[in-house]
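What follows is the residue order along each chain.
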Amino acid sequence: NAGVMQNPRHLVRRRGQEARLRCSPMKGHSHVYWYRQLPEEGLKFMVYLQKENIIDESGMPKERFSAEFPKEGPSILRIQQVVRGDSAAYFCASSPRRALGTEAFFGQGTRLTVV
Amino acid sequence: ELKVEQNPLFLSMQEGKNYTIYCNYSTTSDRLYWYRQDPGKSLESLFVLLSNGAVKQEGRLMASLDTKARLSTLHITAAVHDLSATYFCAVEANFGNEKLTFGTGTRLTIIP
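Residues numbered from 1 in each chain as written. Chains lettered and ligands numbered in written order. Predicted model: local features only at pLDDT ≥ 70, side-chain atom pairs only at ≥ 80, totals over all residues. Heavy atoms only, no water.

### Some remarks on the overall build of chain B
1) Next: Per the secondary structure count, chain B includes zero helices and 11 strands.
2) Next: Ordering the α and β elements of chain B from the N terminus gives β-β-β-β-β-β-β-β-β-β-β.
3) Next: Relative to the compact-globule value of 13 Å for 112 residues, chain B shows a C-alpha radius of gyration of 13 Å, a close match.
4) Next: Counting over 112 residues, chain B shows a buried share of 46%.
5) Next: Taking the contacts inside chain B whose residues are at least 6 apart along the sequence as the reference set, 54% of them involve residues at least 24 apart.
6) Next: As displayed, chain B offers around 5,500 Å² of accessible surface, 49% of which is attributable to carbon and sulfur atoms. (Helix = DSSP H or I, 4+ residues; strand = E, 2+ residues; numbered from the N terminus. Rg over C-alpha atoms; globule rule 2.2 N^0.38 Å. Buried < 20%, exposed > 50% of the residue type's maximum accessible area, 1.4 Å probe, protein only. Contact = heavy atoms within 4.5 Å. Areas by Shrake-Rupley, 256 points an atom, 1.4 Å probe, with all protein chains shown as cover.)

Given below as structure tokens:
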């Protein structure tokens, strides 16, 4: 059973480009959470999704950021018109049930660098 | 808003010594988690503490939870070099709240 798979592991974008980060949850997990880790900081919650639904996006910046988790395929975190401040590690976690708890597992993260 | 504070932020200690990392949080919590993160890697779950007075131990690490004081500790006994990492505590404010609030982390360096 593969763990939570994120790709790419490293992503470099120029200012103004778009970044697409992918997260494939563990088999049997239908709940996905995205977190952002700025350098030297802890992880900050961004968004919680179930298949085809956004459940809680209270941590998402109001502009340029969007997330989806389609019926088929991975969850996508999309950042439009990236700026230097978007440089961070983006982690997703998945769980089989609604509550993020002992059954949640984190992926290895995508490290986004905006130049 | 739930706040989680860890201290110290940086800890450099010699092999063989004992030390404690503290995690304070600002509101009632049902669950508290400790994670380890190596540089450039993901988070590895260490402990889940589910009730007041809970104590869990794994090797040289022991975690405890005092929900009345809103305090968790991670105690390191006789540190060894391979424990060098960043340690995070995270709080799930209410069961089913779906999100964790993380502390800023403690970067632990064990010196031979």
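### A few points about unusual backbone geometry
1) Next: In this structure, P8(A) follows N7(A) across a cis peptide bond, with omega equal to 0 degrees.
2) Next: Mapped onto the secondary structure, P8(A) falls in the loop between β1 (5–7) and β2 (10–13).
3) Next: Along the chain, N7(B) connects to P8(B) via a cis peptide bond; the corresponding omega equals 0 degrees.
4) Next: By the secondary structure assignment, P8(B) is in the loop between β1 (4–7) and β2 (10–14).
5) Next: Here E52(A), not a glycine, exhibits a phi torsion of approximately 65 degrees, which is positive.
6) Next: Positionally, E52(A) belongs in the loop between β5 (43–50) and β6 (53–56).
7) Next: A relative accessible area of 56% places E52(A) in the exposed class.
8) Next: Its identity is not glycine, yet R64(A) carries a phi of approximately 75 degrees, on the positive side.
9) Next: Summarising the element assignment, R64(A) is placed in the loop between β6 and β7 (65–68).

### A look at the sheet that holds β7(A)
All names here are of chain A.
1) Next: A sheet is described by the order of its strands in space; here four strands give the open sequence β1-β3-β8-β7, paired in antiparallel fashion. If you trace the sheet from one side to the other, it starts and ends with β1 and β7, each paired once. Between one strand axis and the next, the sheet turns by 15 degrees as a mean value, whatever way the strands run.
2) Next: Bridging between β7 and strand β8 (residues 75–79) involves four bridges; their strand directions are antiparallel. Bridge pairing in β8 places A67 opposite L77. (Pairing = 2+ DSSP bridges. Axes fitted to C-alpha atoms, helices over the stretch in contact; angles between N-to-C directions.)

### Let's talk about the pattern of salt bridges
1) Next: Applying the stated rule across the entire model yields six salt bridges over all chains.
2) Next: The closest approach of N and O atoms between E41(A) and K44(A), which form a salt bridge, is 3.9 Å.
3) Next: Residue K44(A) is classed as partly exposed on the basis of its relative accessible area of 45%.
4) Next: With its nearest N and O atoms 3.2 Å apart, the salt bridge here joins D56(A) to K99(B). Residue D56(A) is found in strand β6, and its partner K99(B) is found in the loop between β9 (85–92) and β10 (101–102); the two belong to separate chains.
5) Next: Accessibility expressed as a relative area gives 15% for D56(A), which makes it buried.
6) Next: Among the ionic contacts, a cluster of salt bridges with common partners joins E18(A), R20(A) and R78(A). (Salt bridge = Lys/Arg side-chain N within 4 Å of Asp/Glu carboxyl O.)

### Some remarks on the interface of chain A and chain B
1) Next: Listed as interface residues are 22 residues of chain A and, on the opposing side, 20 residues of chain B.
2) Next: Here chain A is connected to chain B by one salt bridge.
3) Next: The interface formed by chain A and chain B includes seven residue pairs in polar contact (both at pLDDT 80 or more).
4) Next: Mapped by element, the contributors of at least two residues to the side of chain A that touches chain B are β4 (31–37) and β5 of chain A.
5) Next: When the residues that make up the side of chain A that touches chain B are grouped by side-chain class, the tally is nine nonpolar, seven polar and six charged. (Polar contact = N/O pair within 3.5 Å; in protein donor to acceptor, adjacent residues only side chain to side chain. Nonpolar A, V, L, I, M, F, W, Y, C, P; charged D, E, K, R; others polar.)

### Brief notes about the state of the cysteines
1) Next: Tallied over the full model, the rule gives two disulfides over all chains.
2) Next: Residue C23(A) pairs covalently with C92(A) via a disulfide, S to S 1.9 Å. As the torsion about the S-S bond is roughly 75 degrees, the C23(A)-C92(A) disulfide counts as right-handed. Of this pair, C23(A) sits in strand β3 (residues 19–24) while C92(A) is found in strand β9 (residues 88–95), placing the two residues 69 residues apart along the sequence. Just as C23(A) is buried, C92(A) falls in that class too.
3) Next: With its sulfur 2.0 Å from that of its partner, C23(B) forms a disulfide with C89(B). (Disulfide = S-S within 2.5 Å.)

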